[in-house]
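Summary of structural features
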Amino acid sequence: MKQFLVCATLEPTTTEATTTTEAATTTTIATTTTVDPVVAAGTYYIESVTPLNCAGQATDPIWDEIEDEEGYISDTDWEQIQSDLQPAYAVYAQAAVAFLEALSSYHWPENVQADIEALMAEVSAEAAWAQAMSEAGTYADFTTVNEETLDNRAAAIVRAKLNLPTNIGATTDC
């Protein structure tokens, strides 16, 4: 009875060793899967950022309802801002904190580590901003916080280094 050791490529990074006999019996001896760390990091990133993106998208229809045709709000919108928009920003702030925790708990590939740290600084500022939006006690306070400009460049850099598509102009399936 002849036996052959066959190594077949199943995926670009997966190999499987099998023993085959002439009687058409196949027995799996061992399977080794190697996952590209950049692909794994990209998958983790998408899984981690999706709740944040969805929380952000949840504010869009509320803004659409509150803003006038030119995209402005006024103090007459304050009641709806308090009842609809501020709770949505509280959820967004919580999602930002969860994303920060996910970013800090993962061992990132070296080529993206510095950008992850920059992203964490940006997301931290965004979480504080969203929390301030949710807690503004007056219309004037709300509009002051709303006028702050946030830096969101690191996310695009991280996505590029992880071979992920851009999310600029895109929506997330929530």
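Residues numbered from 1 in each chain as written. Predicted model: local features only at pLDDT ≥ 70, side-chain atom pairs only at ≥ 80, totals over all residues. Heavy atoms only, no water.

Next up on the list: the side chain of E122. Structurally, E122 can be placed in helix α3 (residues 110–135). Salt bridges are absent for the buried E122, whose nearest opposite-charge side chain, R153, sits at 5.2 Å. A polar contact of 3.2 Å, which involves the side chain of E122, links it to the backbone nitrogen of A154. Apart from residues no more than four positions distant in its own chain, E122 is found in contact with D151, N152, R153, A154 and A155. (Helix = DSSP H or I, 4+ residues; strand = E, 2+ residues; numbered from the N terminus. Buried < 20%, exposed > 50% of the residue type's maximum accessible area, 1.4 Å probe, protein only. Lys, Arg positive; Asp, Glu negative; His and termini not counted. Salt bridge = Lys/Arg side-chain N within 4 Å of Asp/Glu carboxyl O. Polar contact = N/O pair within 3.5 Å; in protein donor to acceptor, adjacent residues only side chain to side chain. Contact = heavy atoms within 4.5 Å.)

Moving on to the state of the cysteines. For the structure shown, the criterion picks out 1 disulfide. There is a disulfide in this structure between C54 and C174, and the S-S distance comes to 2.0 Å. The disulfide joining C54 to C174 has a torsion of about -100° about its S-S bond and is therefore left-handed. Placement of the pair is C54 in helix α1 (residues 37–66) and C174 in the segment after α5 (153–161), with a sequence separation of 120 residues. (Disulfide = S-S within 2.5 Å.)

This next bit is on the packing of α1 against helix α2 (residues 78–105). In contact at an axis separation of 9 Å, α1 and α2 are set at 165° when each is read in the N-to-C sense. Between α1 and α2, the interaxial angle falls into the category roughly antiparallel. The element α1 and its partner α2 pack so that their crossing is left-handed. Considering only residue class, the contact of α1 with α2 consists of 20 nonpolar, 5 polar and 2 charged. (Axes fitted to C-alpha atoms, helices over the stretch in contact; angles between N-to-C directions. Parallel < 35°, antiparallel > 145°, perpendicular 65-115°, else oblique. Left-handed = near helix turned anticlockwise from the far one by under 90°. Nonpolar A, V, L, I, M, F, W, Y, C, P; charged D, E, K, R; others polar.)

Turning to α5, its buried residues are A154, A155, V158 and R159. Within α5, the buried residues cover an arc of 135° as seen down the axis, which keeps them to one side. Exposed and oriented more than 90 degrees from the buried face of α5 are R153 and A160. Looking at the buried residues of α5, the elements they touch are α1 and α3. (Arc of directions from axis to C-beta.)

Let's shift gears to the confidence of the model for the protein chain. Caution applies to low-pLDDT parts of the model: their predicted coordinates are not meant to be read in detail. When pLDDT is averaged along the protein chain, the result is 86; 82% of the residues meet or exceed 70. When pLDDT is averaged over each element of the protein chain, α2 comes out on top at 98 and strand β1 (residues 3–11) at the bottom at 33. Per-residue pLDDT stays below 50 along residues 1–21; that stretch engages in 45 contacts with residues further than four places along the chain or on separate chains. (pLDDT = per-residue confidence, 0-100.)

Soluble globular proteins tend to bury their nonpolar side chains together. Residues Y45, L119, F142 and L162 are the most contacted members of the largest nonpolar core, which totals 40 residues. Elements represented by at least two residues in this core include exactly α1, α2, α3, α4 (139–146) and α5. Looking at this core, the element that brings in the most residues is α2, giving 12 residues. If we skip the residues at most four places from it in the chain, F142 touches W63, I73, W78, I81, L85, Q86, M133 and A136. (Core = buried A, V, L, I, M, F, W, Y, C linked by side-chain atoms within 4.5 Å.)

Moving on to the packing of α2 against α3. Contact geometry for α2 and α3: axes closest at 8 Å, N-to-C directions at 160°. If you check the angle between α2 and α3, you find them roughly antiparallel. The interaxial crossing formed by α2 with α3 has left-handed handedness. Along the lines of polarity and charge, the residues of the contact of α2 with α3 split into 17 nonpolar, 5 polar and 2 charged.

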